[in-house]
Amino acid sequence: MNIVGIESSCDETSAAVICDGKLKANLISSQHFHKDFGGVVPELSSRAHLQIIAPLLKQALNQAGIKKDEIDVVCATAGPGLIGAVLVGLTFAKGLSYSLNKPFVPVNHIEGHIYSGFLMDEKPEYPYLCLVVSGGHTLLLIVESETAIRKLGSTIDDAAGEAFDKTAKMLGLGYPGGIKIQEEAEKGNPDFIDFPVSQCKNEFDFSFSGLKTSVLRYIQKEFGNAGNIPIDKIPDIAASFQKAAVDALIQKSERALKNYNVNSISIVGGVAANKYLRERFVLLSAKYKKSLNIPDLQFCGDNAAMIAQRGVMLHNNGLKFDLDYNAYAGLPESAFIP
Ligand code: KG4
Ligand code: ZN
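Residues numbered from 1 in each chain as written. Chains lettered and ligands numbered in written order. Predicted model: local features only at pLDDT ≥ 70, side-chain atom pairs only at ≥ 80, totals over all residues. Heavy atoms only, no water.

A.B. asks: How do you make sense of the site of ligand 1 when you look at a structure like this?
C.D. replies: Looking at ligand 1, there are 19 residues lining it, with G135, D165, Q182, G270 and N274 nearest. At 3.0 Å from an oxygen atom of ligand 1 is found a main-chain nitrogen or oxygen belonging to G270. Taking D302, its main chain carries an N or O atom lying 3.1 Å from an oxygen atom of ligand 1. When ligand 1 sits alone it has 560 Å² of accessible area, and the protein chains cover 84% of it. Residue assignment for the shell around ligand 1 shows that the elements contributing at least two residues are α3 (109-114), α4 (160-170) and α5 (177-185). When its residues are assigned to classes, the shell around ligand 1 shows 5 nonpolar, 12 polar and 2 charged. No fewer than three residues from each of domain 1 (2-114 + 299-316) and domain 2 (122-294) sit in the shell around ligand 1. (Near = heavy atom within 4 Å. Polar contact = N/O pair within 3.5 Å; in protein donor to acceptor, adjacent residues only side chain to side chain. Areas by Shrake-Rupley, 256 points an atom, 1.4 Å probe, with all protein chains shown as cover. Helix = DSSP H or I, 4+ residues; strand = E, 2+ residues; numbered from the N terminus. Nonpolar A, V, L, I, M, F, W, Y, C, P; charged D, E, K, R; others polar. Domains from an automatic or database assignment.)

As structure tokens, then:
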């Protein structure tokens, strides 16, 4: 069976092909021009998706060694995301499905991330603790099966990736900030400043806005404003921020491991690419003797492989979707994430 996945929810256009369970292509085209604006400009994002989507799919099919009329199922991100951007990929996929007369599967983007660990050779084992850390979402979940997810907690304000991006901006490191913070932090002392970990009413919830404010207060108190931060202090601030952010993720995950019986741990989403986070979760999983699944870097950020992979799961579970399916009528509310 040949499955095509399309992803266009933010600033990555991606096309993937899975043939008989094997990933044959996962092409990702990133819109780097947004950095000139300090963040993603939705209208420009939609236009760029529109230009690249057809040639990108053609290239993915070539790489997979299949022809268009050999496609069996077409899957696409249906939300959440920037609506104009989502609609480019979604409508393109619907058109393809219609012209080929093959099933169309709309995929919730977060579900794509949640099950992205299954793209790895060593798969998560149900039930598994899943930490979703992306630019828009932070969720702590117990994934019980392909169709059963329990939510333990989520962020009550900023998402983890958003905290990285906003802190990077404060430090004058530009956009996207996550990788810049990581690079600066590698040169700095994580114990230089003791930034706090916020506690919430629900012990599994996260809050990152207090951490962001603490960084801002520290900068204002020590240097007056961000423009005056001595260049040699940036690595220490970045490392201290990164440690506090990851401490929060570790703390709530450890709490979950003490309270729930799981067979493995999976960390997914763009922030799961973070080197320091990966190292800390290796230690945590060893402490609790759980297998750890963190997808390869190409599957952490937005990618179509995870959309094809989640789409085929839904398809194999017998779910059917009409072509008049409306992105904002059923999704982005996931049928599976509580
Ligand atoms: O999953 P993703 O690609 O898009 C969303 O669905 O939101 O996540 C993007 C987020 C951004 O906030 C980006 O700064 C962050 O992931 N990110 C990182 C790293 N690479 C990407 N954060 C920390 N360290 C990284 N190495
Ligand atoms: Zn994402």
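Structure's up, so let's keep going.
A.B. asks: Which parts of the structure should I look at to understand the packing of aromatic side chains?
C.D. replies: The relative placement of two aromatic rings is captured by the distance of their centres and the angle of their planes. Inspection of every chain in the model, using the stated rule, returns 9 aromatic pairs. Pairing Y218 with F223 gives two aromatic rings, centres 6.1 Å apart and planes at 80 degrees, and the pair type is edge-to-face. Of the two residues, Y218 and F223, both sit in the buried class. The ring of F336 carries the charged tip of R310 above its face, separated from the ring centre by 5.2 Å. (Phe/Tyr/Trp six-rings, centres within 6.5 Å; stacked < 30°, edge-to-face > 60°. Buried < 20%, exposed > 50% of the residue type's maximum accessible area, 1.4 Å probe, protein only. Lys NZ or Arg CZ within 6 Å of the ring centre and 35° of its normal.)

A.B. asks: Looking at this model, I keep getting lost on the coordination of the zinc ion (ligand 2). Mind explaining?
C.D. replies: Around a metal, the perfect tetrahedron of four donors has angles of 109.5 degrees, and the perfect octahedron of six donors has angles of 90 or 180 degrees. Only H109 (NE2), H113 (NE2) and D302 (OD) from the protein reach the zinc ion (ligand 2) as donors, at distances of 2.0 to 2.1 Å. Geometry at the zinc ion (ligand 2) is tetrahedral, judged from its 4 donor atoms and the angles of 94 to 135 degrees they form at the metal. Counting along the primary sequence, the residues that act as donors to the zinc ion (ligand 2) give the motif H-x3-H-x188-D. One end of the pair, H113, is in helix α3; the other, D302, is in the loop between α9 (297-300) and α10 (304-316), with 189 residues separating them in the sequence. Residues H113 and D302 agree in their burial class; the two are buried. (Donors = N, O, S within 2.8 Å, 3.2 Å for Na, K, Ca; no water. Tetrahedral: all angles 85-135°; square planar, octahedral: opposite > 155°, others 65-115°.)

A.B. asks: Help me understand the environment of K68, please; the structure alone is not making it clear to me.
C.D. replies: Looking at where K68 falls in the secondary structure, it is placed in the loop between α1 (42-64) and β4 (73-79). Take K68: its relative accessible area is 49%, and that puts it in the partly exposed class.

A.B. asks: I would appreciate a short explanation of unusual backbone geometry in the present structure.
C.D. replies: Excluding glycine, a negative phi dihedral is what most residues carry, and trans is how most peptide bonds are arranged. Cis geometry marks the peptide bond from G79 to P80; its omega dihedral reads -5 degrees. Mapped onto the elements, P80 comes out in the loop between β4 and α2 (83-100). Note the cis peptide between Y175 and P176, where omega equals -5 degrees. Checked against the element boundaries, P176 lands in the loop between α4 and α5. Its identity as a non-glycine residue notwithstanding, N101 has a phi of 60 degrees, on the positive side.

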